[in-house]
Amino acid sequence: MVPTPITVRVPAKVNLHLSVGESREDGYHELVTVFQALSLTDDVTVVGSDEPGVEVHGEGAGEVPADGRNLAWRAVRLLAEHAGRDPEAPGVRVSMNKGIPVAGGMAGGSADAAATLLALNGLWHLELGRDELSEIAGRLGSDVPFALQGGTALGTGRGERLVPVLARHTYHWVIALDRDGMETPGVYGELDRLRAESKPNPVGDVEPLLEALASGDPRQLALLLGNDLQAAAVSLRPGLRRTLRAGVQAGALAGIVSGSGPTCAFLCTDADAAVKVAAELSGAGVCRTVRVAHGPVPGAKVSEERSDRPTPPQVHA
Ligand SMILES: C[C@@](CO)(OP(=O)(O)O)[C@H](O)COP(=O)(O)OP(=O)(O)OC[C@H]1O[C@@H](n2ccc(N)nc2=O)[C@H](O)[C@@H]1O
Ligand SMILES: Nc1ncnc2c1ncn2[C@@H]1O[C@H](COP(=O)(O)OP(=O)(O)O)[C@@H](O)[C@H]1O
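Residues numbered from 1 in each chain as written. Chains lettered and ligands numbered in written order. Predicted model: local features only at pLDDT ≥ 70, side-chain atom pairs only at ≥ 80, totals over all residues. Heavy atoms only, no water.

(A) Spatial organisation of the site of ligand 1. Not every one of the 21 residues close to ligand 1 is listed here, only the nearest: His-29, Ser-142, Thr-184, Tyr-188 and Ser-260. Contacts to ligand 1 include Ala-107, whose backbone N or O atom sits 3.4 Å from an oxygen atom. Contact between ligand 1 and Arg-158: a nitrogen atom at 3.1 Å from a main-chain N or O atom of the residue. Relative to its free-state accessible area of 690 Å², ligand 1 is covered by the protein chains to the extent of 84%. Every element with two or more residues in the shell around ligand 1 is listed here: strand S1 (6-23), strand S2 (29-48) and helix H5 (184-197). In terms of residue class, the shell around ligand 1 is built from eight nonpolar, 10 polar and three charged. (Near = heavy atom within 4 Å. Polar contact = N/O pair within 3.5 Å; in protein donor to acceptor, adjacent residues only side chain to side chain. Areas by Shrake-Rupley, 256 points an atom, 1.4 Å probe, with all protein chains shown as cover. Helix = DSSP H or I, 4+ residues; strand = E, 2+ residues; numbered from the N terminus. Nonpolar A, V, L, I, M, F, W, Y, C, P; charged D, E, K, R; others polar.)

(B) Local environment of the UniProt feature "active site" (unreviewed entry) in the protein. Cross-referencing UniProt, the feature "active site" (unreviewed entry) maps to Lys-13 and Asp-143 in the present numbering. Across 131 residues, the annotated set stays spatially compact, with a maximum C-alpha separation of 8.9 Å. Among the structural elements, Lys-13 can be located in strand S1. A relative accessible area of 5% places Lys-13 in the buried class. Here the side chain of Lys-13 touches Gly-105 through a polar contact of 3.0 Å, landing on its backbone oxygen. Topologically, Asp-143 is positioned in the loop between helix H3 (130-140) and helix H4 (144-149). Asp-143 gets classed as partly exposed once you look at its relative accessible area, which sits at 22%. Excluding residues that lie within four positions of it along the chain, Asp-143 makes contacts with Lys-13, Phe-35, Ala-107 and Ser-110. (UniProt positions renumbered as here; feature names shortened; annotations may be inferred. Buried < 20%, exposed > 50% of the residue type's maximum accessible area, 1.4 Å probe, protein only. Contact = heavy atoms within 4.5 Å.)

(C) Fine view of the site of ligand 2. What surrounds ligand 2 is a group of 20 residues, the closest being Ala-103, Gly-105, Ala-107, Gly-109 and Asp-112. Gly-104 is positioned such that a nitrogen or oxygen atom in its backbone is 3.5 Å from an oxygen atom of ligand 2. Between ligand 2 and Met-106 there is a distance of 3.3 Å, counted from an oxygen atom to a backbone nitrogen or oxygen. For ligand 2, whose free accessible area comes to 540 Å², the fraction covered by protein is 82%. Within the residue set of the shell around ligand 2, elements represented by two or more residues are strand S4 (92-98) and helix H2 (108-123). With three residues, H2 is the single largest residue contributor to the shell around ligand 2.

(D) The arrangement of a positive patch on the surface in detail. On the surface, a cluster of positive charge is contributed by Arg-179, Arg-241, Arg-242 and Arg-245. Following the sequence through the fold, Arg-242 ends up in helix H9 (residues 239-249). (Patch = residues over 30% accessible without salt bridge, like charges linked within 9 Å, V, L, I, M, F, W, Y side chains within 5 Å. Salt bridge = Lys/Arg side-chain N within 4 Å of Asp/Glu carboxyl O. Lys, Arg positive; Asp, Glu negative; His and termini not counted. Charge placed at Lys NZ, Arg CZ, Asp CG, Glu CD.)

Next comes the structure, spelled out in structure tokens:
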């Protein structure tokens, strides 16, 4: 019998609010963050195979390890152990098609890990519930549970403890991708260093932002976007200051560094404004490329279309 692949589509995230506390004994920082899932997505397909391994396709694939270091493969091993299977011989092949910028602060690796857990839950008929999958996800990385959940959510702890947040509106974003990625631990380390030297202004309480989300007004939300890691990302890559300025000059309501960067996310009034801002920003020469996205979108989801089926021919009227 030909094995049936399972494909999961999974979103990127942006942190609308990222308040970073002190460094903990385990090396992590206590966070209060608001995640929003965006319409930039990866597709991850798992299939039973006697040639186990990982394949990476799409933009930036060359920068992603296609071996045991891939976060999706770590998800395979962890779920195999959990399910009483041999993690050294899980008998699956994972193939990912990347649409989420690599090492961009949009949690692409975490998204692939989350998608792999959900896909294997189906492939291996494990029938684990969302809570159990989320607990396993948290062991793979702080951002992995959110990629399963999607939508808009308040994250605490390392970012792995989630509560859904009411968001009444679809928000329109322009995403500016930089030339090279940045390593998350280095950016947290730079924030610790900056804090030891001076006191960069903290982003403050999350409540006003939660109220703005409930109101659904992008102008109100724009005033409240904030990211404690932004100062650290800009310190490591000063050119981001120019990118942030250019987005606002192009007509965005506000811009922030996404998570640990270097991707910048610009909130726009509506979909038309986002297209205009994207066009102007891409001509400004301040970033590698731009994308238009919207959020919130759902978390990791099994695709209805089976990836092994040929695409039907397009019929034009
Ligand atoms: C900054 C954020 C914001 O959402 O996302 P990215 O911008 O990387 O996507 C996250 O905190 C990244 O989460 P994630 O990428 O899953 O991090 P992990 O694999 O758990 O941790 C990688 C490293 O980041 C640092 N880290 C991560 C989370 C946290 N709360 N405190 C930390 O100090 C630690 O040095 C840790 O060893
Ligand atoms: N499936 C994956 N997709 C992307 N990056 C991955 C993956 N697995 C491991 N990595 C590594 O993780 C690092 C962080 O990548 P990514 O998750 O895209 O960014 P970020 O942590 O900034 O959101 C990269 O340097 C990359 O080499």
